[in-house]
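Residues per chain are reported as follows:
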Amino acid sequence: MPPTVQIGIVVKDLDKVMEFYSSTFGIGPWEVREGASESTVGGRTYAFKTKVAFAQLGPVVLELFQVTDGRSPVHAVFLDKGREGVHHLGFYVSKEEKEKMVASLAEIGIGVVQEGQVSKRGSYTFLDTEKTGGVFFELIARYTE
């Protein structure tokens, strides 16, 4: 795997958690983005809206992720159980690297649980957690075009 570049945390109230992290731990400044997304799971497409905040935390980006409307199955794994917390580790890869890694990992039983586009900036793939201790690994492909 390439170096970890992101730690993703699923939250129920992004503003509350962001304020707590800022006032208690001095984490920030935050870049907040809101938008609509679609993802595919098992051939089915899900639409949802999100509010996401990013802050640099040493060499990695801390991502707070809130689903504000609709359903994102990979995030619902936490939220349906009333949980918040560390959800995924993110890794930047090229589109070609992502395709090779997904194929290679499938051979050892680590499958894709959700994938989607991030507007025209790139795509993401969440890998199954069964063999990774319950934490998703997110392969993040950034497009340069």
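Residues numbered from 1 in each chain as written. Predicted model: local features only at pLDDT ≥ 70, side-chain atom pairs only at ≥ 80, totals over all residues. Heavy atoms only, no water.

(A) Region of interest: the pairing of strand β7 (residues 122-127). Across the six residues that make up β7, a large majority, six, are buried. Because side chains alternate across β7, one face comprises the buried residues Gly122, Tyr124 and Phe126, and the other comprises Ser123, Thr125 and Leu127, equally buried. Bridge analysis of β7 against strand β8 (residues 136-142) gives six bridges, and the strand direction is antiparallel. Bridge pairing links Ser123 to Ala141 in β8. (Buried < 20%, exposed > 50% of the residue type's maximum accessible area, 1.4 Å probe, protein only. Helix = DSSP H or I, 4+ residues; strand = E, 2+ residues; numbered from the N terminus. Pairing = 2+ DSSP bridges.)

(B) A look at helix α1 (residues 14-25). For α1, built from 12 residues, the straight-helix expectation of 16 Å at 1.5 Å per residue is met to within 8% by its first-to-last C-alpha distance of 16 Å. Considering only its buried residues, α1 is in contact with β1 (6-10), β2 (31-41), β3 (44-57) and β4 (60-70). Two to three positions downstream of the cap, the backbone nitrogen of Asp15 sits 3.3 Å from a side-chain oxygen, assigning the N-cap of α1 to Asp13. (Expected span 1.5 Å × (residues − 1). Contact = heavy atoms within 4.5 Å. Polar contact = N/O pair within 3.5 Å; in protein donor to acceptor, adjacent residues only side chain to side chain.)

(C) Focus on the confidence of the model for the protein chain. Per-chain confidence: the protein chain averages 88 in pLDDT, with 98% of residues scoring 70 or above. No element of the protein chain has a lower mean pLDDT than helix α2 (residues 73-79), at 78, and none a higher one than α1, at 96. (pLDDT = per-residue confidence, 0-100.)

(D) Examining the nonpolar core more closely. By size, the foremost hydrophobic cluster in this structure holds 12 residues: Ile9, Val11, Leu14, Val17, Met18, Tyr21, Ile27, Trp30, Ala53, Ala55, Leu62 and Leu64. Apart from residues lying up to four places away in sequence, Leu14 is in contact with Lys51, Val52, Ala53, Leu64, Phe65 and Gln66. Among the nonpolar cores identified, the runner-up in size contains 11 residues, and Val61, Val67, Phe126 and Phe136 belong to it. (Core = buried A, V, L, I, M, F, W, Y, C linked by side-chain atoms within 4.5 Å.)

(E) Examining the packing of aromatic side chains more closely. On inspection of all chains with the given rule, the structure shows six aromatic pairs. Pairing Tyr21 with Phe25 gives two aromatic rings, centres 6.0 Å apart and planes at 70°, and the pair type is edge-to-face. Placement of both Tyr21 and Phe25 in helix α1 is noted, with a separation of four residues, approximately one turn of the helix. Among the residues examined, Phe25 registers a relative accessible area of 53% and is labelled exposed. Measuring from ring centre to ring centre gives 5.8 Å for Phe126 and Phe136, while their planes differ by 75°; the resulting arrangement is edge-to-face. Taken together, the residues Phe126 in strand β7 and Phe136 in strand β8 connect sequence positions 10 residues apart. Taken individually, Phe126 and Phe136 each receive the classification buried, so the pair is uniform in this respect. Here the aromatic residues Phe20, Tyr21 and Phe25 are joined through ring pairs into a cluster of three or more. We note Arg142 situated over the ring of Tyr92; from NZ or CZ to the ring centre the distance is 3.9 Å. (Phe/Tyr/Trp six-rings, centres within 6.5 Å; stacked < 30°, edge-to-face > 60°. Lys NZ or Arg CZ within 6 Å of the ring centre and 35° of its normal.)

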